[in-house]
Amino acid sequence: MEAALEEKAKLIKECENLTRENALITGHHNLRQRIQYHAATKMENSKLKEEVIVLQSRLRRKAEQVSLLNSLVADKPEPQRPSRKQQQLSNAHASHTINSKENIDPA
């Protein structure tokens, strides 16, 4: 009999703990509060969906711009670099021009 009473007290305590835990998990005890919370959550979800649509549209436009720029760059011929010989001649000409200006008599 004593064991049954202890078991009953233990089960009552566990039931109370579970009830408190359930109340914490559900969040709102009042039905009106729960409905308002649900409506606010739906509204926020709706706004986030709209934002996703806008951002996806912007992303799509940016991707199209990048694609267009890539195609323009691919179509444009790459400028030819001067050969090593041409660079040497150009450097020699530049140094000769500098030297000839230094040799001019300022008087």
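For the structure, check the block above.
The rules behind each value
- All residue numbers here refer to positions counted from 1 along the written sequence of the relevant chain.
- pLDDT decides what is reported in this predicted model: residues at 70 or higher carry local features, side-chain atom pairs at 80 or more are listed and counted, and totals for whole chains, interfaces and linings draw on all residues regardless.
- With hydrogens and water stripped out, all remaining heavy atoms of the structure feed into the side-chain values.
- Counting from the N terminus, the helices are DSSP H or I runs at least four residues long and the strands are E runs at least two residues long.
- Any residue under 20% of the maximum accessible area for its type is buried, any over 50% is exposed, and the rest in between are partly exposed; the area is computed with a 1.4 Å probe on protein chains only.
- A 1.4 Å probe and the Shrake-Rupley method give the accessible areas. Residues count as covered only by the protein chains that appear here.
- Patch rule: a residue counts if its relative accessible area is over 30% and it has no salt bridge; like charges are joined within 9 Å, and nonpolar side chains (Val, Leu, Ile, Met, Phe, Trp, Tyr) within 5 Å.
- Criterion for a salt bridge: a side-chain nitrogen of Lys or Arg within 4 Å of a carboxyl oxygen of Asp or Glu.
- Under this rule, positive means Lys or Arg and negative means Asp or Glu; His and the chain ends count for nothing.
- Charge coordinates come from a single atom per side chain, which is NZ of Lys, CZ of Arg, CG of Asp or CD of Glu.

A. Here's a closer look at the overall build of the protein. For the protein, the count of helices and strands is 3 helices and 0 strands. Along its sequence from the N terminus, the protein presents helices and strands in the succession α-α-α. A burial count over the protein gives 0% of its 107 residues as buried. Surface accessibility of the protein: about 10,800 Å² in total, with carbon and sulfur atoms responsible for 58%.

B. Layout of a nonpolar patch on the surface. On the surface, a nonpolar cluster with roughly 310 Å² of combined accessible area is contributed by L68, L69 and L72. In this structure, L68 sits in helix α2 (residues 31-75).

C. Region of the structure containing a positive patch on the surface. A cluster of basic residues, R58, R60, R61 and K62, forms a positive patch at the surface. Here K62 lies in helix α2.

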